[in-house]
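# Secondary and tertiary structure notes
Each chain is listed here by its residues.
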Amino acid sequence: MSENPDVTAIRAQIEAWAAAVRAQDMPGILRNHSDDMVMFDVPPPLHLRGIAAYEASWPQFFDASPKPIRFDIMDLQITAGNDVAFAVALMRCAVIEDGHADLDFRLTVGLRKIGGQWTVTHEHHSIPAD
């Protein structure tokens, strides 16, 4: 069974975003995000609003990551309607902490189709509670 074309497009977009994170390619990371996006993140601040705040959050991640940067999509599920979609993923990165430690986290992305392009309007990163 073939994948819905919107799901295929969103999958490619999220995979390109993850590759941009690994490459520390800020224009690639910001691509396809709305100017007024909202993000909930693991490290403070927990709530960011706007593309400038989102961009400013990445150096903290890069500084805490051993090189090369690990930012792997372990499982990605996408649901797409005509103009709204969401994706949920299990992700893995690595952090500099007592050597190198893998960190499993969850990703939820909310998207809207704006001008024919899937645009990230919400991004949520979370880690399981202990």
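Heads up: these notes are all about the structure in this document. (Residues numbered from 1 in each chain as written. Predicted model: local features only at pLDDT ≥ 70, side-chain atom pairs only at ≥ 80, totals over all residues. Heavy atoms only, no water.)

Turning to the packing of aromatic side chains, a few remarks are in order. Applying the stated criterion to the full structure yields nine aromatic pairs. Measuring from centroid to centroid gives 5.9 Å for tyrosine 54 and tryptophan 58, while their planes differ by 90°, and the two rings are edge-to-face. One end of the pair is tyrosine 54 and the other is tryptophan 58, both in helix α3 (residues 51-64) and four residues apart, which spans about a single turn. A residue is classified by how much of its surface remains accessible, and tyrosine 54, at 1% relative accessible area, is buried. Centroid distance tryptophan 58 to phenylalanine 71: 6.2 Å. Interplanar angle 70°. Geometry classified as edge-to-face. (Phe/Tyr/Trp six-rings, centres within 6.5 Å; stacked < 30°, edge-to-face > 60°. Helix = DSSP H or I, 4+ residues; strand = E, 2+ residues; numbered from the N terminus. Buried < 20%, exposed > 50% of the residue type's maximum accessible area, 1.4 Å probe, protein only.)

Where strand β3 (residues 71-80) meets strand β4 (residues 84-96), nine bridges bridge the pair, whose relative direction is antiparallel. Across the sheet, residue aspartate 72 finds its bridge partner in β4, namely arginine 92. The loop that links β3 with its antiparallel partner β4 comprises three residues. (Pairing = 2+ DSSP bridges.)

Between its first and last C-alpha atoms helix α1 (residues 5-23) spans 27 Å; for 19 residues at 1.5 Å apiece the expected length is 27 Å, and the two agree. Looking only at α1, the buried set comprises Asp6, Val7, Ile10, Gln13, Ile14, Trp17, Ala18, Ala20 and Val21. Angularly, the buried residues of α1 cover 155° about the axis, an arc narrow enough to put them on a single face. Turned more than 90 degrees away from the buried face of α1 sit Pro5 and Ala23, all of them exposed. In this structure asparagine 4 caps α1, since a side-chain oxygen of it lies 2.6 Å from the backbone nitrogen of aspartate 6. Positive backbone phi, at 55°, marks glutamine 24, one or two positions downstream of α1. (Expected span 1.5 Å × (residues − 1). Arc of directions from axis to C-beta. Polar contact = N/O pair within 3.5 Å; in protein donor to acceptor, adjacent residues only side chain to side chain.)

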